[in-house]
Amino acid sequence: MSLTNASAEAAAAAAKTASYTLASLAASERNAALEAIHSALANARDDILAANARDLEQARKAAADGSLSQALISRLDLGKRGKWEDMLKGILDVRDLQDPVGQIQMRTKLDDDLILERVSCPIGVLLIIFEARPEVIANIASLAIKSGNAAILKGGKESTESFVAISKVISSALETTAVPNAAIQLVTTRDAIAQLLDQDRHIDLVIPRGSNELVRYIKESTKIPVLGHADGICAIYLTATADVQKAMTAVVDAKTSYPAACNSVETLLVQDTALLTVFPYVAAALAAKGVTLRCDPASKVVLTDLQDAVIQDAAPADYNTEFLSLTLAVKTVSSVDEAIAHINTHGSHHTDAILTADAAEAERFMARVDSAGVYWNASTRVADGMRYGFGTEVGISTNKIHARGPVGLEGLTIYKYKLRGDYQPTAAYGEGEGKRQWKHERLPL
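Being a predicted model, the structure only gives us computed values, none of them experimental.

Rules used in this analysis
Residues numbered from 1 in each chain as written. Predicted model: local features only at pLDDT ≥ 70, side-chain atom pairs only at ≥ 80, totals over all residues. Heavy atoms only, no water. Helix = DSSP H or I, 4+ residues; strand = E, 2+ residues; numbered from the N terminus. Rg over C-alpha atoms; globule rule 2.2 N^0.38 Å. Buried < 20%, exposed > 50% of the residue type's maximum accessible area, 1.4 Å probe, protein only. Contact = heavy atoms within 4.5 Å. Areas by Shrake-Rupley, 256 points an atom, 1.4 Å probe, with all protein chains shown as cover. Lys, Arg positive; Asp, Glu negative; His and termini not counted. Charge placed at Lys NZ, Arg CZ, Asp CG, Glu CD. Pairing = 2+ DSSP bridges. Domains from an automatic or database assignment. Buried area = accessible area lost by both parts, 1.4 Å probe. Salt bridge = Lys/Arg side-chain N within 4 Å of Asp/Glu carboxyl O. Polar contact = N/O pair within 3.5 Å; in protein donor to acceptor, adjacent residues only side chain to side chain. Arc of directions from axis to C-beta. Phe/Tyr/Trp six-rings, centres within 6.5 Å; stacked < 30°, edge-to-face > 60°. Axes fitted to C-alpha atoms, helices over the stretch in contact; angles between N-to-C directions. Parallel < 35°, antiparallel > 145°, perpendicular 65-115°, else oblique. Left-handed = near helix turned anticlockwise from the far one by under 90°. Nonpolar A, V, L, I, M, F, W, Y, C, P; charged D, E, K, R; others polar.

1. Digging into the overall build of the protein chain
- Within the protein chain, the secondary structure is distributed over 15 helices and 18 strands.
- By the compact-globule yardstick of 22 Å for 445 residues, the protein chain fits well, its C-alpha radius of gyration being 25 Å.
- Once the C-alpha set of the protein chain is aligned to its principal axes, its extents read approximately 80 × 65 × 35 Å.
- Out of the 445 residues belonging to the protein chain, those deemed buried represent 55%.
- Residue pairs in contact within the protein chain that sit at least 24 positions apart in sequence constitute 72% of those at least 6 positions apart.
- Put simply, the protein chain shows about 19,500 Å² of open surface, and 50% of that area lies on carbon and sulfur atoms.
- Considering the protein chain, the positive charge centre built from 45 side chains and the negative charge centre built from 54 side chains are found 3 Å apart.

2. A closer look at the environment of Leu22
- Following the sequence through the fold, Leu22 ends up in helix 1 (residues 8–24).
- Note on Leu22: relative accessible area 0%, which makes it buried.
- Between the C-alpha atoms of Leu22 and Leu326, which are 304 residues apart in sequence, the distance is 44 Å.
- Among all residues touching Leu22, those that are not within four sequence positions of it are Arg30, Ala144, Ile145, Gly148, Asn149, Ala150, Val179, Pro180 and Ala183.

3. Digging into the sheet that holds strand 3 (residues 114–122)
- The sheet built from four strands is open, its strands ordered 17-3-2-18 with antiparallel pairing. Looking at the sheet topology across the chains shown, the edges are occupied by strand 17 (413–420) and strand 18 (441–442).
- Taken together, the six bridges between strand 2 (residues 104–111) and strand 3 define a ladder with antiparallel strand orientation. Paired with Lys109 across the strands is Ile115, a residue of strand 3.

4. Thoughts on the domain arrangement of the protein chain
- With domains assigned, the protein chain is organised as domain 1 (2–103 + 121–220) and domain 2 (234–388).
- The interface of domain 1 with domain 2 comprises eight residues on the first partner and seven residues on the second.
- Summed over both sides, the interface of domain 1 with domain 2 buries roughly 680 Å², with 51% coming from carbon and sulfur.
- Considering only the surface of domain 1 that becomes buried against domain 2, Ala71, Arg75 and Arg81 emerge as the three largest contributors, covering 53% of it.
- At the junction of domain 1 and domain 2, the tally comes to zero salt bridges.
- Our enumeration of links across domain 1 and domain 2 arrives at one residue pair in polar contact (both at pLDDT 80 or more).

5. Describing helix 13 (residues 336–346)
- Taken residue by residue, helix 13 has Val336, Ala339, Ile340, His342 and Ile343 as its buried positions. The buried residues of helix 13 occupy an angular sector of 165° when the element is viewed end-on, so they sit on one face.
- Those residues of helix 13 that are buried are in contact with strand 8 (234–238), strand 9 (265–271), strand 12 (327–333), strand 13 (351–355) and helix 14 (359–368).

6. Thoughts on the packing of aromatic side chains
- According to the stated counting rule, one finds four aromatic pairs in the structure shown.
- Aromatic pair Phe130 and Phe163: ring centres 5.0 Å apart, planes at 80°, arrangement edge-to-face. One end of the pair, Phe130, is in strand 4 (residues 125–130); the other, Phe163, is in helix 7 (residues 160–174), and 33 residues separate them in sequence. Phe163 shares its class with Phe130; the two are buried.
- When the ring of Tyr388 is compared with that of Phe390, the centres are 5.6 Å apart and the planes differ by 90°; the resulting orientation is edge-to-face.

7. Remarks on the packing of helix 2 (residues 27–43) against helix 7
- Relative orientation of the contacting elements helix 2 and helix 7 amounts to 135°, with a least axis distance of 9 Å. Here helix 2 is positioned oblique relative to helix 7, judged by the angle of their axes. Considering only the axes of helix 2 and helix 7, their crossing is right-handed. For the pair formed by helix 2 and helix 7, the contact residues are Ala33, Ala36, Ile37, Ala40 and Leu41 on the first element and Ile166, Val169, Ile170, Ala173 and Leu174 on the second.
- When grouped by side-chain class, the residues that make up the contact of helix 2 with helix 7 number ten nonpolar, no polar and no charged.

8. A short note on the sheet that holds strand 10 (residues 292–295)
- In spatial order, the strands read 11-10-12-9-8-13-14; together these seven strands make up an open sheet with parallel pairing. Because the sheet does not close on itself, it has two edges, and the strands there are strand 11 (311–313) and strand 14 (373–376). The average undirected angle you get between the axes of adjacent strands in this sheet is 25°.
- Examined bridge by bridge, strand 8 and strand 13 share four bridges and lie parallel to one another.

Quick look at the structure:
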C-alpha cells in the first residue's frame, strides 16, 4: 500500500499495471497477504487507536461549532461497538471464503474441439471514496486483494490520522507478500477526487461510502460506473398481526442498535388496525431508548401516555429523510398495498421489512417492494455483508445492474469468456450444403 501524493493519472496508471499482476496471483498468495495484514494490524492496535483518538478529538471540536455531524463522529470512532474486533475478524473471514477468481460459470460445446467457458475474473481497478469509517481501509484492502482487484482509496480529512496509521501498517505487511505495492493505494493529496474521477481509462469502478451528498456528487461527476447508494431511508411496516414482544425487539434493534448506520430504520409504517394494539407497545419501547417519534395525526393521538417531548408532529419531508439519529418518522396506512406504495415512492431502495403473521401478506410485500433487501419479521440492521456471510462488504448497492445489496467478493468480480478451439473458421458454419451446424451443447462445470 502506497501513501501517494502523485498525480491522479500516475496513481491510476500504477494501480492498473499492478492489477494485472494481482489478478494472476494464486489464491494461496492472496490469502497469505491477508494473514500478514491481520497480524500487522493486531500488533499495531494501540498506535492505531491512538491516531483514531486524535481524529476524534478534532472531530468533536468540529461538531461543537456545527461543521461536522454527530453521525459522522459515530462512524469515525474505531473503538466503538467492537469495530476494531470486527475489522480484524472481517479480514480472516474474507481469507476463509471460496476464491472468487477463476470460477467456471458456464461450459458450452460449440462444436467438436471448440469449447466456450465463462470464467469469473476481477473487475480491475476500484476507486473507493469514503468519509470517516477508518475500518474501510482494512475492509476494502482485504476484499480487493482476495478478489484480485487493485484499489485506490481516498478518505475524508476528518479521519486522516487513522487512515495514515492503518495504511502504514498494511503497507509494511504487504512488503513481505507477493501483492504489488501499487495494488493498494491511499491517496492523501487534497482535492484529488475530481482528478481521480477523470481517470476512466485506468479506473473501472467507483464505490462511494459516505453521505448522500458525496454519492450524488460522484454519480454526477464521472464517466466511470458507480456502485453505491445515496440514502438509507429504510422502512418497517408494522401490522396488526405482528407478535407484540418480538415486534418491540425488532423495531428497537432496527432504530437504536446503531442509529448512524445506513440500514437503520427511518420510517415506521403502522397499519391502522394496529394503532390500539401493537403500536403503543412498540412506541413505548422506542421512547424508553430515547427515540423521538415524529407522528402523523392518527398515530399521535393514541400515544397519550408518552411525554410530549418524545412525540412530535411529522412534516411531509420527514418521510424522505435519513435521520441517522434517534428520530423516527411514523405514518399510518390502511393496507399492505399502501405500505408498498409509500416505500416505493419515498424509500431509497435499500432495505425494508414487514412484521406480520400473515405469510401471504409478507410474500406480497417482498415481491412488490423494489429494494435491494426485503425482509419478513426481521430487523433492517441484518443488511450487512458480514451478517450475510460475505466476510465483510465493500458497500451496499441500490443499483439494478451488476451487484445489489451488500457487496462482497462476488460483487467485485465480473467474468470473461474463454474459447479453446482448433482454428475453426466461422465461414464454415451456417445453412446450406457442406456447412457445419453449431452444437451449443451444455457441458458440466
